[in-house]
Amino acid sequence: MPEYITLSKPTTSFLKEKNSKFYGFAYPVQDKTEIDVILKGLKSEHTEASHHCYAFSLGLNGSDYRYSDDGEPSNSAGSPIYRQILSSNAVNIFVVVVRYYGGKKLGVSGLIDAYGQAAKECLLPEFLITKRPKTWVHIRSKPNFGYKFYQLASQMKWEIYSAIEGDPDLFKVLIDDDNIQEVEKMLKELQYFELSSL
């Protein structure tokens, strides 16, 4: 199974240029839903900021990507952030650089340098790890046996899992692709659960 590079955990950076402050934030992510939640949270936290520029890369080959200048001159913010993602060879990451305008214009080249540097400092090699691909699956427990799922999740050390809203017996779990058949076999033996892909 091919491996891929991503962030080991969320990271931050800070850069000050001609009184403008640039706060970098980078996150390992799995889908656009996570990205939307993170961006909404940062905008709520930094309501006085001038711009919330970002880029993301999803998928093992980074084929699902996007970047935004959020009002800065075209290709002066989102694009340099995205170029740093490409330079890191990382995927499944979301990088946001929040700018507080300091009263002095930086010019397009100055913006490119500042946004790129803030992103780069969030993606240093020591922040990156190699992972194996994972797949989201649904695990359904028998009625009133949802508590056994949480026991199982703890035992299996599943880091990401959530109950599906409105259905207390259905759970969403991220599992290593290499382990899906093994997990399916184990669930059948336990007789409390059944597994299905999303």
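## A short note on helix H4 (residues 146-156)
So, point 1. For H4, the complete set of buried residues consists of Gly146, Lys148, Phe149, Leu152 and Ala153. Axial view of H4: buried residues confined to an arc of 145 degrees, hence all on one face. Summarising the geometry of H4, the exposed residues directed more than 90 degrees from the buried face are Ser154 and Gln155.
So, point 2. Within two residues after H4, Lys157 carries a phi angle of roughly 60 degrees, on the positive side.

## Concerning the environment of Leu106
So, point 1. Mapped onto the elements of the fold, Leu106 is located in the loop between strand S6 (93-100) and helix H3 (107-122).
So, point 2. Spatially, the C-alpha atoms of Leu106 and Ser154 are 50 Å apart, while their sequence positions differ by 48 residues.
So, point 3. What Leu106 contacts, discounting residues up to four positions off in sequence, is Glu17, Lys18, Phe22, Arg99, Leu111 and Ala114.

## Looking at the state of the cysteines
One way to say it: the disulfide is the covalent bond shared by the sulfur atoms of two cysteines.
So, point 1. Under the counting rule described, the total for this entry stands at zero disulfides.
So, point 2. This cysteine, Cys53, is not joined by any disulfide, and Cys122 carries the nearest cysteine sulfur, 14 Å off.
So, point 3. In this structure Cys53 comes out as buried when scored by relative accessible area, which is 0%.
So, point 4. We classify Cys122 as buried; its relative accessible area is 0%.

## Points about the pattern of salt bridges
So, point 1. Following the criterion strictly, the structure yields three salt bridges and no others.
So, point 2. Across the salt bridge formed by Glu72 and Arg99, the nearest N and O atoms sit 2.9 Å from each other. Linking Glu72 in the loop between strand S5 (64-68) and helix H2 (78-88) with Arg99 in strand S6, this pair joins segments that are 27 residues apart in sequence.
So, point 3. Among the residues examined, Glu72 registers a relative accessible area of 9% and is labelled buried.
So, point 4. By relative accessible area, which is 4% here, Arg99 ends up buried.

## Re the environment of Glu48
So, point 1. As for its position among the elements, Glu48 is in the loop between helix H1 (32-45) and strand S4 (51-58).
So, point 2. C-alpha of Glu48 to C-alpha of Thr12: the two residues are 36 residues apart in sequence and 19 Å apart in space.

## Considering the sheet that holds strand S3 (residues 20-28)
So, point 1. One open sheet holds the five strands; their spatial order is S2-S3-S6-S4-S5, and the pairing between them is antiparallel. Since the sheet does not close on itself, it has two edges, and those belong to strand S2 (11-17) and S5, each with one partner. Each adjacent strand pair in this sheet contributes to an overall mean axis angle of 15 degrees, direction not counted.
So, point 2. Pairing of S4 with S6 involves seven bridges; the strand directions are antiparallel. Across the sheet, the residue bridging to Ser57 is Ile93, located in S6.
So, point 3. Contacts between H1 and the sheet are confined to S3, S4, S5 and S6, with S4 contributing the most and set at about 165 degrees to the helix.
So, point 4. Here H2 sits on the sheet and contacts S4, S5 and S6; the angle it forms with S4, its principal contact strand, is near 35 degrees.

## Overview of the environment of Val108
So, point 1. Tracing the backbone shows Val108 in helix H3.
So, point 2. On the accessibility criterion, Val108 (43% relative accessible area) is partly exposed.
So, point 3. Contact partners of Val108, with chain neighbours within four places excluded, come to Pro73 and Ser76.

## Re the pairing of S6
In summary, the side chains of a regular strand alternate between the two faces of the sheet.
So, point 1. With seven of its eight residues buried, S6 lies for the most part within the structure.
So, point 2. Pairing geometry for S3 and S6, over eight bridges, is antiparallel. Note on S6: the bridge partner recorded for Tyr27 is Phe94.

Definitions and limits used
Residues numbered from 1 in each chain as written. Predicted model: local features only at pLDDT ≥ 70, side-chain atom pairs only at ≥ 80, totals over all residues. Heavy atoms only, no water. Buried < 20%, exposed > 50% of the residue type's maximum accessible area, 1.4 Å probe, protein only. Helix = DSSP H or I, 4+ residues; strand = E, 2+ residues; numbered from the N terminus. Arc of directions from axis to C-beta. Contact = heavy atoms within 4.5 Å. Disulfide = S-S within 2.5 Å. Salt bridge = Lys/Arg side-chain N within 4 Å of Asp/Glu carboxyl O. Pairing = 2+ DSSP bridges. Axes fitted to C-alpha atoms, helices over the stretch in contact; angles between N-to-C directions.

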